[in-house]
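This is what each chain is made of:
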Amino acid sequence: MSIKIVGTGSTLPEKCVTNEDLTKLVDTSDEWIRERTGIGSRHVSTGETVDELAASACEKALADAGKSASEVELLLVATCSPECGIPGVACQVQSRLGASNAVAFDLNAACAGFLFALNTAWAYVEAGIYRNALIAGAEVLSKIVDWSDRGTCILFGDGAGAVYVEKCDRDGMLGFVQHADGSRGEVLRCDSRALKNPYADVSMKSPYVQMDGREVFAFAVRQVPAGIQEVLDKAGTEADDIDLFVLHQANYRIIEGIAKRLKQDISKFPVNLDRVGNMSSAAIPVLLDELNRAGRLKRGMKLVLSGFGAGLTWGACVLKW
């Protein structure tokens, strides 16, 4: 027993911020950003919340699948930038959709979050607990970015993507791997609320994203190809048999490095980071939806999805469309 994706959806905030716009905020240039990251623009919230974006993407995924919210049994939202500690984003999305029959909860594995949520849904379905799931990756990273730090503010964007999956007897998900290395977690972090109570007053390091770009780059180029090869072996297939590698959209140079290590043509690695930047957990489902709606995903195609980021966390899966 496995799961198959039968519907996709995505939503981006209306406001688009170009590299040229950022030159008015920090000492940078369009050429500098594009050369180092491949990013040309990103969408930024001017009031849209994580749950609003997630709910909109979920509605589109349900419509694409021809399903109603009342049919959803499991609703998962991957995010690292919720507006609320409680309630969870998934419960807020459940309310917005009217998905009253679904159990709902959040996951946080940063940029690998959507992949981890997809695997969680697979485990629930394979165990016979649920028959379907609605899974979203949604972020408003613009509120945890220091807009005076040119090393990070150029990278991130806001948005949400979603998929509706259901049980299938064959094909669908063919293999999955997940990994984490908390010992290297300090290279990419963002502190939350500091401890302040009548008995303690502990200062926080920073309320904004802090990143060691070189270390993150080295991690991604080394670990992601290894993870992809691991899942290919698990699925009993070869890299040459994969039609598209749908990777987390962090940096174009990272994607080029991964393609080189896998000895695959870069044309098999679709990108949208030039238009949307790094959207953390939303990156993969948004790109997947764009490919689906552009008609680039044909029945029977083999895809690899791979996410990687803070934690450090990384994961990959092989699926037949």
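The coordinates are above.
Below you will find a few notes about this structure. Residue indices follow the written sequence of each chain, beginning from 1 at its first position. Only residues with pLDDT of 70 or above have their local features reported here, since the model is predicted, and side-chain atom pairs are shown and tallied only from 80 upward, although totals for entire chains, interfaces and linings are computed over all residues. Only hydrogens and water are set aside when side-chain values are computed; all heavy atoms of the structure are taken into account.

## Comments concerning the overall build of the protein
Short version of the rule: Secondary structure is summarised from DSSP: a helix means a run of H or I of at least four residues, a strand means a run of E of at least two, and numbering begins at the N terminus for each. Radius of gyration here is computed from C-alpha atoms only, and the compact-globule reference equals 2.2 Å multiplied by the residue count raised to the power 0.38. Any residue under 20% of the maximum accessible area for its type is buried, any over 50% is exposed, and the rest in between are partly exposed; the area is computed with a 1.4 Å probe on protein chains only. Contacts were defined at the residue level, with two residues in contact if any of their heavy atoms lie within 4.5 Å. Here the accessible surface of atoms and residues is derived via Shrake-Rupley with a 1.4 Å probe, and residues count as covered only by protein chains that are part of the display. Charge counting treats Lys and Arg as positive and Asp and Glu as negative, with His and both chain ends excluded. Lysine's charge is taken at NZ, arginine's at CZ, aspartate's at CG and glutamate's at CD.
When helices and strands are tallied, the protein shows nine helices and 15 strands. Here the C-alpha radius of gyration of the protein, 19 Å, is about what a compact globule of 321 residues would show, namely 20 Å. With the principal axes as the frame, the protein shows a C-alpha extent of 55 × 50 × 35 Å. When the 321 residues of the protein are sorted by exposure, 55% land in the buried category. In the protein, once contacts between residues fewer than 6 apart in sequence are set aside, the share between residues at least 24 apart is 76%. By element, 47% of the accessible surface of the protein is carried by carbon and sulfur atoms, the whole surface being about 13700 Å². Separation of charge centres in the protein, based on 34 positive and 41 negative side chains, amounts to 3 Å.

## What about the pattern of salt bridges?
Basically, it comes down to this: A carboxyl oxygen of Asp or Glu within 4 Å of a side-chain nitrogen of Lys or Arg is what we treat as a salt bridge.
Scanning the entire structure with this criterion turns up 14 salt bridges. A salt bridge links Glu186 to Arg189; the nearest nitrogen and oxygen atoms lie 2.7 Å apart. The class of Arg189 is partly exposed, set by a relative accessible area of 26%. Of the charged contacts, one joins Asp191 and Arg189 as a salt bridge, the two residues approaching to 2.3 Å between their closest N and O atoms. Residues participating in the shared-partner salt-bridge network are Asp51, Glu52 and Arg96.

## Brief notes about the sheet that holds strand 14 (residues 302-309)
Put simply, the test is: Two strands form a pair only when DSSP identifies at least two bridges running between them. Between N-to-C directions, angles cover 0 to 180 degrees, with each direction set by a line fitted to C-alpha atoms, over the stretch in contact for helices.
With mixed pairing, the four strands of this open sheet are ordered in space as 8-15-14-13. Every other strand in the sheet has two partners, leaving strand 8 (173-180) and strand 13 (244-247) as the edge strands with one partner each. Going from strand to strand, the sheet's axes swing by 10 degrees on average, the running direction of each strand aside. Inspection of the sheet shows strand 14 paired to strand 15 (residues 313-320) by eight bridges, in the antiparallel sense.

## What to know about the pairing of strand 15
Most of strand 15 sits out of view: seven of its eight residues are buried. When strand 8 meets strand 15, the two strands line up antiparallel, connected through seven bridges. Residue pairing across strands places Met173 opposite Leu319, the latter belonging to strand 15.

## Notes on helix 7 (residues 252-262)
Quick reminder of the rule: Polar contacts here mean pairs of N or O atoms no more than 3.5 Å apart (in protein, one a potential hydrogen donor and the other a potential acceptor; neighbouring residues in sequence count only if both atoms are side-chain atoms).
Those residues of helix 7 lying buried are Ile254, Ile255, Gly257, Ile258, Ala259 and Leu262. Its buried side turned inward, helix 7 meets helix 6 (213-235), strand 13, helix 8 (273-276) and strand 14. The N-cap residue of helix 7 is Asn251: its side-chain oxygen and the backbone nitrogen of Arg253 are 2.7 Å apart. Once helix 7 ends, the next one or two residues include Lys263, with phi positive near 60 degrees.

## Focus on the nonpolar core
What counts, and what does not: Nonpolar cores are built from buried Ala, Val, Leu, Ile, Met, Phe, Trp, Tyr and Cys residues. Side-chain atoms within 4.5 Å join them into one set.
Core analysis: the biggest nonpolar cluster contains 45 residues, and Ile228, Phe245, Ile258, Phe269 and Phe308 have the highest contact counts within it. Within the residue set of this core, elements represented by two or more residues are helix 6, strand 13, helix 7, strand 14 and strand 15. The residues contacting Ile258, other than those within four sequence positions of it, are Ala220, Val224, Pro225, Ile228, Leu247, Phe269 and Phe308. Membership of the second largest hydrophobic core comes to 34 residues, among which are Ala78, Ala121, Met173 and Cys317.

## As for the packing of aromatic side chains
Formally: Only the six-membered ring of Trp is used, alongside the rings of Phe and Tyr, when aromatic pairs are assigned; centres must lie within 6.5 Å, and planes under 30 degrees apart are stacked while those over 60 apart are edge-to-face, with the rest tilted.
All chains considered together, the criterion is met by five aromatic pairs. Ring geometry for Tyr124 versus Tyr130: centroids 5.3 Å apart, planes at 45 degrees, classification tilted. Here Tyr124 falls in the partly exposed class, since its relative accessible area comes to 25%. Ring plane angle 70 degrees and centroid distance 5.4 Å describe the contact between Phe219 and Trp314, whose orientation is recorded as edge-to-face.

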